[in-house]
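Residues per chain, in single letters:
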Amino acid sequence: MIHITQGYSRDHRPDLNQAVLQLIVERQAGIPLLMEPLSDNNADKASLKQTLEQYMAQLQ
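Residues numbered from 1 in each chain as written. Predicted model: local features only at pLDDT ≥ 70, side-chain atom pairs only at ≥ 80, totals over all residues. Heavy atoms only, no water.

Caption draft 1: Broad picture of the overall build of the protein. For the protein, the count of helices and strands is 1 helix and 4 strands. Secondary structure elements in the protein, listed N-terminal to C-terminal, are β-β-β-β-α. Counting the 60 residues in the protein, one finds 20% classified as buried. Across the protein, every contact between residues at least 6 apart in sequence was considered, and the portion connecting residues at least 24 apart equals 26%. (Helix = DSSP H or I, 4+ residues; strand = E, 2+ residues; numbered from the N terminus. Buried < 20%, exposed > 50% of the residue type's maximum accessible area, 1.4 Å probe, protein only. Contact = heavy atoms within 4.5 Å.)

Listed below in structure tokens is the structure:
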């Protein structure tokens, strides 16, 4: 279950809902390899590293 946050600070729109969906796709065909929904407005720098580590662990 994810938590949806109200508003987006850059647009100054408190009525917009936001959530994050990280997606890793195959380069040429664009086939989705890993999809991870995230709560709220997560920073890409921290959450992307964790998503890539999870993906690499699955390849092992």
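Caption draft 2: A look at the pairing of strand β4 (residues 32–38). By the bridge criterion, 6 bridges tie strand β3 (residues 20–25) to β4 in an arrangement that is antiparallel. For V20, the partnering residue across the bridge sits in β4 and is L38. Hairpin connection between β3 and β4: a loop of 6 residues separates the two successive antiparallel strands, and G30 in this loop has a positive phi of roughly 70°. (Pairing = 2+ DSSP bridges.)

Caption draft 3: Structural context of a nonpolar patch on the surface. Residues L21, L23, V25 and M35 make up a contiguous nonpolar surface patch of about 390 Å² in total accessible area. For the nonpolar patch, the element with the most residues is β3, which contributes 3 residues. Examined against the element boundaries, V25 turns out to sit in strand β3. (Patch = residues over 30% accessible without salt bridge, like charges linked within 9 Å, V, L, I, M, F, W, Y side chains within 5 Å. Areas by Shrake-Rupley, 256 points an atom, 1.4 Å probe, with all protein chains shown as cover. Salt bridge = Lys/Arg side-chain N within 4 Å of Asp/Glu carboxyl O.)

Caption draft 4: Molecular detail of the side chain of Q22. Within the fold, Q22 resides in strand β3. A relative accessible area of 7% places Q22 in the buried class. Here S47 takes part through its side chain, which lies 2.6 Å from a polar atom of the side chain of Q22. Apart from residues lying up to four places away in sequence, Q22 is in contact with L34, M35, E36, L38, S47, L48 and T51. (Polar contact = N/O pair within 3.5 Å; in protein donor to acceptor, adjacent residues only side chain to side chain.)

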